[in-house]
Amino acid sequence: MNSKKMNNSEISKKNKKKDLPWWVELLFVQIGLPDNLLIKILKTNKKTKELIKNNKKSLITFLFAIIAFGYFYPVFKNAKNKLDCEEIAKNYIIKNKNLTGINRSELKMLSTNFCNGGTEIYEIKNLNN
């Protein structure tokens, strides 16, 4: 009977004695960081796991929204830059070219052409001279 108790105690000791994770071994055993920092890290880790477990659906939705925004942001930025360029080009054409008899759609066409690298504005200047 005494041998059974010893075997049980040896088994429980083996179960209790597990290898430390590599980061604990490195930071707290080898380098010697304070133990209270380890306690805070482990508590935060536990709270994070509970938060993820309890709010999995909302976290996935939030992550999807962030990824979608990151994916479409260059498209929105490019569209905004083109609209800004067209507005600046339109103001430039109105101020500097003194075009008479030009309607809004032609003015938009000229400003779009100018923003896309076209030289139609310079050709109009040559026609007026």
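Q: Tell me about the pattern of salt bridges, residues and numbers included.
A: Summed over the entire model, instances satisfying the criterion amount to three salt bridges. Between Lys 80 and Asp 84 there is a salt bridge whose closest N-O contact spans 2.9 Å. One end of the pair is Lys 80 and the other is Asp 84, both in helix H4 (residues 56-96) and four residues apart, which spans about a single turn. Across the pair Lys 90 and Glu 87 runs a salt bridge whose closest N-O atoms are separated by 3.9 Å. Highlighted residues: Lys 90 and Glu 87, both in helix H4, separated by three residues, approximately one helical turn. According to the relative accessible area criterion, Lys 90 is partly exposed, its value standing at 29%. Under the relative-accessibility criterion, Glu 87 is labelled partly exposed at 39%.

Q: How would you sum up the side chain of Ser 111? Please name residues and give values.
A: Following the sequence through the fold, Ser 111 ends up in helix H5 (residues 104-115). Separated by 2.9 Å, the side chain of Ser 111 and the backbone oxygen of Lys 108 make a polar contact. Setting aside anything within four residues of it in sequence, one finds Ser 111 in contact with Glu 86, Ala 89, Lys 90 and Ile 93.

Q: Tell me about the state of the cysteines, and please be specific about residues and values.
A: The full count for this structure, using the stated rule, is one disulfide. Here Cys 85 pairs with Cys 115 through a disulfide, and the sulfurs are 2.1 Å apart. Because the torsion about its S-S bond is -105 degrees, the bridge between Cys 85 and Cys 115 counts as left-handed. With Cys 85 in helix H4 and Cys 115 in helix H5, the pair connects residues that are 30 residues apart, well separated along the chain. With relative accessibility at 28%, the residue Cys 85 sits in the partly exposed group. Classification of Cys 115 by relative accessible area gives partly exposed; the value is 24%.

The rules behind these values
Residues numbered from 1 in each chain as written. Predicted model: local features only at pLDDT ≥ 70, side-chain atom pairs only at ≥ 80, totals over all residues. Heavy atoms only, no water. Salt bridge = Lys/Arg side-chain N within 4 Å of Asp/Glu carboxyl O. Helix = DSSP H or I, 4+ residues; strand = E, 2+ residues; numbered from the N terminus. Buried < 20%, exposed > 50% of the residue type's maximum accessible area, 1.4 Å probe, protein only. Polar contact = N/O pair within 3.5 Å; in protein donor to acceptor, adjacent residues only side chain to side chain. Contact = heavy atoms within 4.5 Å. Disulfide = S-S within 2.5 Å.

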